[in-house]
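What the coordinates show
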Amino acid sequence: EGQASAEAEDEEGNIDEFVPFLRIEYKYIKDRRQIPDLGPSIQWEDSIANRFVTIPAEPGSIWIISDARFNDSREPPRLSRTSLIDMINRRGSL
């Protein structure tokens, strides 16, 4: 959506003054088409406002955004860096 920049420290403790960030707005949906009940086939996260997270816009980086619960935004999202190999290995559990 938008871009911003901020100071950041690299692994060696050096300050990089212009690290770009991306601000992402999102919501979750549940695909309930395989559940044999009278509920909706697709459930939208409609009890809370849209979620937001800001991630570093680093070329080639892969990030996982995790939230505590569906339709509950009391806790902030957790952001963790990952690798392509890890994503392939975790594919079945995401």
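Below is a summary of the structure that appears in this document. Keep in mind that what you see is a predicted model, and the values were worked out from it rather than measured.

Here the focus is a nonpolar patch on the surface. Taken together, the side chains of I29, I42 and W44 make up a nonpolar region of the molecular surface, amounting to roughly 310 Å² of accessible area. Tracing the backbone through its elements, the reader meets W44 in strand β4 (residues 42-44).

To continue, consider the packing of aromatic side chains. Applying the stated rule across the entire model yields 1 aromatic pair. With a centroid separation of 5.7 Å and an interplanar angle of 90°, the aromatic rings of Y26 and Y28 are classed as edge-to-face. Seen from the ring of F70, K30 lies directly overhead, with NZ or CZ sitting 4.6 Å from the centre.

Inspection of every chain in the model, using the stated rule, returns 7 salt bridges. Note that D37 is salt-bridged to R32, the shortest N-O span being 2.7 Å. When the shortest N-O distance is used, the salt bridge between E45 and R51 registers 2.5 Å. A relative accessible area of 0% places E45 in the buried class. What makes R51 buried here is its relative accessible area of 5%.

Here we take up the environment of I24. Mapped onto the elements of the fold, I24 is located in strand β2 (residues 15-26). Residue classification places I24 among the partly exposed positions, given a relative accessible area of 28%. Apart from the residues lying within four places of it in its own chain, the contact partners of I24 are R51, F52, V53 and I55.

What counts as what
Residues numbered from 1 in each chain as written. Predicted model: local features only at pLDDT ≥ 70, side-chain atom pairs only at ≥ 80, totals over all residues. Heavy atoms only, no water. Patch = residues over 30% accessible without salt bridge, like charges linked within 9 Å, V, L, I, M, F, W, Y side chains within 5 Å. Areas by Shrake-Rupley, 256 points an atom, 1.4 Å probe, with all protein chains shown as cover. Salt bridge = Lys/Arg side-chain N within 4 Å of Asp/Glu carboxyl O. Helix = DSSP H or I, 4+ residues; strand = E, 2+ residues; numbered from the N terminus. Phe/Tyr/Trp six-rings, centres within 6.5 Å; stacked < 30°, edge-to-face > 60°. Lys NZ or Arg CZ within 6 Å of the ring centre and 35° of its normal. Buried < 20%, exposed > 50% of the residue type's maximum accessible area, 1.4 Å probe, protein only. Contact = heavy atoms within 4.5 Å.

Everything listed is a geometric property; what it means functionally is a separate question.
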